[in-house]
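Fold and contact review
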Amino acid sequence: MNEQGQIIDLSELLRPFKGKWVAISGDKSQVLCTAFTIEEVLKESEKYKGLEPIILRVPDEHTAHLL
Amino acid sequence: MIRTITFPYIRFPAYPTDAFPVRTFIERPALQTTIEYQGKVFPNFFFSIIDSGADSCVFPSVIGRQIGIDIYSGRSEATVGVAGSGTTFYHSVTVHVSIQGQLYHFDCYAGFLDGLDQFGFGLLGHHGFFNLFESVTLDSKKKFVELKVEIP
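The structure contained in this document is the topic of the report that follows. It should be emphasised that the depicted structure is a prediction, and the values quoted were computed from it without experimental measurement. (Residues numbered from 1 in each chain as written. Chains lettered and ligands numbered in written order. Predicted model: local features only at pLDDT ≥ 70, side-chain atom pairs only at ≥ 80, totals over all residues.)

Considering the overall build of chain B
For the record, the criterion: Every helix listed is a DSSP run of H or I at least four residues long, and every strand listed is a run of E at least two residues long, numbered separately from the N terminus. The reference for a compact globule is 2.2 Å times residues^0.38; the radius of gyration itself is calculated from the C-alpha atoms. Each residue is represented by a C-beta atom placed from its backbone, and any two residues with such atoms within 7 Å are regarded as in contact.
Broken down by element type, chain B carries one helix and 13 strands. If you list the helices and strands of chain B from N to C, you get β-β-β-β-β-β-β-α-β-β-β-β-β-β. Over its C-alpha trace chain B gives a radius of gyration of 16 Å, about what one expects of a compact globule, namely 15 Å for 152 residues. C-alpha atoms of chain B, sized along the principal axes, occupy 50 × 40 × 25 Å. Long-range pairs, those at least 24 residues apart, make up 57% of the contacts in chain B between residues at least 6 apart in sequence.

So, the overall build of chain A
To keep things clear, this is the line we draw: To sort residues by burial, count the other C-beta atoms lying within 10 Å of each one's C-beta; a count of 20 or more means buried, 12 or fewer means exposed, and anything in between means partly exposed. C-beta atoms are built from the backbone.
Secondary structure summary: chain A contains two helices and four strands in total. Starting at the N terminus and walking to the C terminus, you meet the elements of chain A as β-α-β-β-α-β. Here chain A holds 67 residues, and the buried ones make up 27% of them. Excluding contacts between residues fewer than 6 apart, the proportion of contacts in chain A whose partners are at least 24 apart in sequence is 37%.

With respect to the sheet that holds strand β3 (residues 25–28) of chain B
Just so we agree on the cut-off: Only when DSSP finds a minimum of two bridges between them are two strands counted as paired.
Taken in spatial order, the three strands line up as β1(A)-β2(B)-β3(B) in an open sheet, and their pairing is mixed. Because the sheet does not close on itself, it has two edges, and the strands there are β1 (8–9) of chain A together with β3 of chain B. Pairing of strand β2 (residues 10–13) of chain B with β3 of chain B involves four bridges; the strand directions are antiparallel. Looking across to β3 of chain B, one finds that Pro13 of chain B is bridged to Phe25 of chain B.

Considering the sheet that holds strand β12 (residues 135–139) of chain B
As a general point, the strands of a sheet are linked pairwise by backbone hydrogen bonds and lie either parallel or antiparallel. Residues and elements named next belong to chain B. Counted only if it meets this: A fitted line through C-alpha atoms represents every axis, and for helices the fit uses only the stretch in contact; the resulting angles, taken between N-to-C directions, go from 0 to 180 degrees.
Here we have three strands laid out as an open sheet, ordered β1-β13-β12, and antiparallel in their pairing. Strands at the two margins of the open sheet, each flanked by one partner only, are β1 (2–8) and β12. Strand-to-strand twist of the sheet, defined as the mean angle between neighbouring strand axes without regard to direction, takes the value 15 degrees. Sheet topology note: the β12/strand β13 (residues 144–150) ladder contains five bridges and is antiparallel. Following the sheet pairing, Val136 is matched in β13 by Leu147.

Overview of the nonpolar core
Cut-off, in case you're wondering: Each nonpolar core comprises buried Ala, Val, Leu, Ile, Met, Phe, Trp, Tyr and Cys residues, the members being joined through C-beta atoms within 7 Å.
Counting residues in hydrophobic clusters, the biggest one holds 43 residues, and the most contacted among them are Val22, Val41 and Ile55 of chain A together with Cys57 and Val58 of chain B. Among all residues touching Val22 of chain A, those that are not within four sequence positions of it are Leu14, Phe17, Val31, Thr34, Val41, Ile55, Leu56 and Val58 of chain A.

Quick word on unusual backbone geometry
It is generally the case that most residues other than glycine have a negative phi and that most peptide bonds are trans. Residue and element names in this part refer to chain A. A positive phi is found at Glu52, a non-glycine position, where the angle reads about 50 degrees. Its location among the elements puts Glu52 in the loop between α2 (38–45) and β4 (54–57). Classification of Glu52 by C-beta neighbours within 10 Å gives partly exposed; the count is 14.

Observations regarding the environment of Asp60 of chain A
Residues and elements named next belong to chain A. Here Asp60 is to be found in the segment after β4. Residue Asp60 is classed as exposed on the basis of its C-beta count, with 11 C-beta atoms lying within 10 Å. Considered as a pair, Asp60 and Phe17 are 43 residues apart in the sequence and their alpha carbons are 8.9 Å apart. Ignoring anything within four residues of it in the chain, the contact list for Asp60 reads Lys18 and Gly19.

What to know about the pairing of strand β4 (residues 30–37) of chain B
All names here are of chain B. Of the strand pairs in this sheet, β4 and strand β6 (residues 45–50) are connected by four bridges, and their pairing is antiparallel. Residue pairing in the sheet places Gln32 in a bridge with Phe47 of β6. Where β4 lies against strand β5 (residues 40–41), two bridges are found, and the strand directions are antiparallel. Across the sheet, Glu36 pairs through a bridge with Val41, a residue of β5. As consecutive antiparallel partners, β4 and β5 are separated by two residues, and within that stretch Gln38 has a phi angle of approximately 50 degrees, a positive value.

Pasting the structure below:
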């Protein structure tokens, strides 16, 4: 489901960016910039303020979530 | 009156491991969040996972430092979890959440954990998040989250 009911699929959009910090557009349709550090991706994403960037780190490998 | 808020899981890439050699994605109950500390707001949204196994809300230290939080000055608690064991340091922040284009916020005594830096996600746990709602349902089969909140 998307926000109207279907799952939001970021898997293919993000797959090429293993191990990097990524900024995606607020509508989750495109990658805006990537970097190896959060500081770099924040600086670069300032250019895309109007697209309401969302940042995340794509894992190096699948990380189990155990908390 | 009870208001129901429903939204879908998000599918993230996963990479093959010895244990799961053919898995290519993982679906998580995640929300767009950002945090505010003493009037300074982290400039972008980031994802936080609704985590029924987390006792409290915890965010990556690296995100807290970007808005001026002196992480290690907070009250501390030993933590065992996603990043092994470590120390979580607590600070009072405001958490902003975007759900289906609507913005919500709540005050939260939240932890910051260095071990989450490589994970890059926050965790929305019981103290601070779950206790805001009448119920939180994670429908892992249909892949949606349902929050029931009492409206005065």
